[in-house]
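Secondary and tertiary structure notes
Now for the letters of each chain:
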Amino acid sequence: QVQLVESGGGLVQPGGSLRLSCAASGSIFAITAMGWYRQAPGNQRELVARMANGAMTNYADSVKGRFTISRDNTRNMGYLEMNRLNPEDTAVYYCNANIRSTWFDAASEYWGQGTQVTVSS
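So, here's what we can say about the structure. This is a predicted model, so every value here is computed, not measured.

Topic: unusual backbone geometry
Note: most peptide bonds trans; most residues except glycine with negative phi. Of note in this structure, Asn76 is not a glycine but carries a positive phi near 55°. Structurally, Asn76 can be placed in the loop between β7 (67-72) and β8 (77-82). Positive phi, normally seen in glycine, also occurs at Arg84, with a value near 50°. Among the secondary structure elements, Arg84 is positioned in the loop between β8 and β9 (91-100).

A closer look at the packing of aromatic side chains
The tally for this structure, following the rule as stated, stands at 2 aromatic pairs. Measuring from centroid to centroid gives 5.0 Å for Tyr37 and Trp111, while their planes differ by 65°, and the two rings are edge-to-face. Here Tyr37 is found in strand β4 (residues 30-39), whereas its partner Trp111 is found in strand β10 (residues 108-111), with 74 residues between them in sequence. Relative accessible area serves as the criterion here: at 17%, Tyr37 is assigned to the buried category. You can call Trp111 partly exposed: its relative accessible area is 35%. The cationic tip of Arg19 hangs over the ring face of Tyr79; the distance from NZ or CZ to the ring centre is 4.1 Å. The ring of Tyr94 carries the charged tip of Arg45 above its face, separated from the ring centre by 3.7 Å.

About the criteria used
Residues numbered from 1 in each chain as written. Predicted model: local features only at pLDDT ≥ 70, side-chain atom pairs only at ≥ 80, totals over all residues. Heavy atoms only, no water. Helix = DSSP H or I, 4+ residues; strand = E, 2+ residues; numbered from the N terminus. Phe/Tyr/Trp six-rings, centres within 6.5 Å; stacked < 30°, edge-to-face > 60°. Buried < 20%, exposed > 50% of the residue type's maximum accessible area, 1.4 Å probe, protein only. Lys NZ or Arg CZ within 6 Å of the ring centre and 35° of its normal.

Here's what the structure looks like:
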């Protein structure tokens, strides 16, 4: 089994910064992609940022230039550095990863439980 656990959410003032972490554990042979999604009340879950192998990244237009996704493959960790936060960034942020558990397996998709980010003065 594989688990994703997010941390680092919280309350921050507009213009502030937060760093989210995602720890992957369990039966992991390879993480082929890792990303962050968010869901605000009344809205659909949306892609924030995603990084595939080879460091190919893509970002939602609303966060480009403010958020940075990164991975530490040696520790099975993912990060989302969020700067210049504004109230529209308020949402539950979810870690998502495509993980192969063994050499023989195709990648399966996993989700974390989410961490709340609230941007408010």
